[in-house]
Amino acid sequence: MTLAFSNGKGVIGTVDAQDAFEPERIVVTGGCGFIGSSFVHHVVRERPGVHVTVLDKLTYAGNPDNIAGLPSDRVELVVGDICDAALVDRLVSGTDAVVHYAAESHNDNSIADPSPFLKTNVEGTYTLIEACRKHGARYHHVSTDEVYGDLALDDPAKFTEETPYHPSSPYSSTKASSDMLVRAWTRTYGLRATISNCSNNYGPYQHVEKFIPRQITNIIDGVRPKLYGKGENVRDWIHTEDHSSAVWDILTKGRMGETYLIGADGEKDNITVLRMILEAMGRDPEDFDWVADRPGHDRRYAIDSTKLQRELGWRPAHTDFAEGLKQTIDWYVANESWWRPAKEATEARYKAQGQ
Ligand code: NAD
Ligand code: TDX
């Protein structure tokens, strides 16, 4: 049987009934990070019947304040490591699905020290899929477009689900490795899994080590923003709330064993984004420093999300990047107490790298 779904005006997609899935209890790993916490908020807001257990190690990137204030009968935080097999086994035994966000997520850190990336991104994923296999839980794997490597700046192509894997950095190669584990577990053991590969996210609660929050908070601090290389690298920006709605759709309507690319046609080069931030904050658009380039710096990412849109009817809600950026800037201006504790150490790390 096939189920149709509509946007209120007409049918925009269908899904096989056998794949439609309505979880009551989910485990969200990395739910105190930037994107995982957005997903937790999304589920609490949009799905009143669903209980969320967040499993998060609270590394430098995890902050329990990101999910503070959510109702305690809907959201439980378990502080722990996804590599802890006994803990993972216990949590997965009582859940319908695992949505896996936890990761070491920053390329620059992976270049400075790859070891935690191997541990968390590869061994952590292995630990989770083994538990899901044992207990028959559904598994959704959150990954990145960086597994496909990069595109030339003048190439009209975009990544699709058929693009060969070609990761460049220690971070993206560990994410690619984790995707491969999920694919193998799906085929060999019949793990009931889906995978999504999303482009660059922006929005509130992003760590100040990442490009957009780093520049916003530098400007607030009266420090000149830092642009790598020639500033011509292109990223395909998507608001984190759109990433969250897409992951929910894939979890509940996606076909087993399938990969879906998530993107919102938000390609911009870095210098353009930086000038937009400077202008939105009332500064001279040329008031920034050129700094050393990232080794192996991927040139361009671009996502073709046709499959997700056509099969599952997903659409991004935040299509005005300038407006989303302005709201993001306003959030950092209004929430200095959230980012201030991480700022000094982050900038000290960059300074040591000449960035
Ligand atoms: P983040 O660094 O902001 O958050 C990561 C979270 O995982 C933190 O809360 C941290 O405490 C937790 N964590 C780290 N190691 C852990 C461990 N061993 N056990 C338990 N918890 C652990 O990352 P993010 O930007 O929110 O990214 C989340 C996911 O989305 C990652 O898998 C990332 O690869 C993927 N992704 C990110 C982007 C992006 O633009 N940021 C784009 C596509 C995909
Ligand atoms: O200070 C900076 N100056 C600068 O020019 C920083 C921190 C970055 N950059 C550049 C590098 C990139 O071209 O900006 C671009 C974006 O950098 P990041 O925010 O570090 O993101 P990126 O490396 O593209 O990876 C992000 O998107 C894909 C996330 O961090 C990953 O987790 C995700 O998988």
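Computed from a predicted model, the values in this text were never measured in an experiment.

(A) Just the site of ligand 2, in detail. Around ligand 2 there are 22 residues in total, and T144, Y171, R235, R294 and H297 lie nearest to it. A distance of 2.9 Å is found between a nitrogen atom of ligand 2 and a backbone nitrogen or oxygen belonging to K226. A distance of 2.9 Å is found between an oxygen atom of ligand 2 and a backbone nitrogen or oxygen belonging to Y228. Contributing elements (two or more residues each) for the shell around ligand 2: α6 (211-220) and β10 (226-228). Across the shell around ligand 2, the residue classes break down as six nonpolar, nine polar and seven charged.

(B) Main features of the site of ligand 1. In the region of ligand 1, 28 residues are neighbours, and I35, D56, S105, Y171 and K175 sit closest. Between ligand 1 and I82, the relevant distance is 3.0 Å, taken from a nitrogen atom to a main-chain nitrogen or oxygen of the residue. Y101 has a polar backbone atom sitting 2.9 Å from an oxygen atom of ligand 1. Starting from 840 Å² of accessible surface for ligand 1 in isolation, the protein chains cover 97%. Where the shell around ligand 1 is concerned, the elements lending two or more residues are α1 (34-46), β7 (138-144) and α5 (170-189). A class-by-class count of the residues in the shell around ligand 1 yields twelve nonpolar, twelve polar and four charged.

(C) Local environment of the environment of Y60. Structurally, Y60 is set in the loop between β4 (51-56) and β5 (75-79). In this structure, the C-alpha to C-alpha distance between Y60 and H207, residues 147 residues apart in sequence, is 9.2 Å. Ignoring anything within four residues of it in the chain, the contact list for Y60 reads E104, H106, N109, H207, E209 and R349. One polar contact links Y60 to N109, side chain to side chain, over a distance of 3.1 Å. Side-chain polar atoms of Y60 contact the side chain of E209, separated by 2.9 Å.

(D) Just the nonpolar core, in detail. Formed by 31 residues in total, the largest nonpolar core has its most connected members in I26, F39, V40 and I262. At the level of secondary structure, the elements contributing two or more residues to this core comprise β3 (25-29), α1, β4, β6 (97-100), α7 (240-253), β13 (259-262) and α9 (306-312). Of all the elements, α7 adds the most residues to this core, at five residues. Leave out the neighbours within four places in its chain, and V40 touches V28, G31, V52, V54, I67, L70 and V75. Grouped together as the second largest cluster of nonpolar side chains are 22 residues, F211, V273, I277 and L325 included.

(E) Layout of the pattern of salt bridges. A full pass over the atoms with the stated rule returns 24 salt bridges. As a salt-bridge pair, R133 and E130 come within 2.9 Å of each other at their nearest N and O atoms. Of this pair, R133 and E130 both sit in helix α4 (residues 115-135), three residues apart, which is roughly one turn of that helix. For R133, a relative accessible area of 35% translates into the label partly exposed.

Calculation criteria
- Residue numbers here run from 1 along each chain, matching the order of that chain's written sequence.
- Each chain takes a letter, starting from A, and each ligand takes a number, starting from 1, following the order in which they are written.
- Where local features are concerned, this predicted model is filtered to residues with pLDDT of at least 70; where side-chain atom pairs are given and counted, the filter is 80 or more; whole-chain, interface and lining totals use all residues.
- To get the side-chain values, all heavy atoms of the structure are used, and hydrogens and water are removed first.
- If a single non-hydrogen atom of a residue is within 4 Å of a molecule or strand, that residue counts as near it.
- N or O atoms within 3.5 Å of each other form a polar contact, as long as, within protein, one can give a hydrogen and the other can take it, and as long as residues adjacent in sequence are counted only when both atoms are side-chain atoms.
- We count a stretch as a helix when DSSP gives it H or I for four or more residues in a row; a strand needs E for two or more, and each element gets its number in order from the N terminus.
- Under this grouping Gly is polar, as are all residues other than the nonpolar Ala, Val, Leu, Ile, Met, Phe, Trp, Tyr, Cys and Pro and the charged Asp, Glu, Lys and Arg.
- Values of accessible area rely on a 1.4 Å probe in the Shrake-Rupley scheme; residue burial ignores everything except the protein chains shown.
- When checking whether two residues touch, look at their non-hydrogen atoms; a contact exists if any pair is within 4.5 Å.
- In plain words, nonpolar cores are sets of buried Ala, Val, Leu, Ile, Met, Phe, Trp, Tyr and Cys residues tied together by side-chain atoms within 4.5 Å.
- Accessible area is worked out with a 1.4 Å probe on protein chains only. A residue is then buried under 20% of its type maximum, exposed over 50%, and partly exposed in between.
- Any carboxyl oxygen of Asp or Glu within 4 Å of a side-chain nitrogen of Lys or Arg constitutes a salt bridge here.

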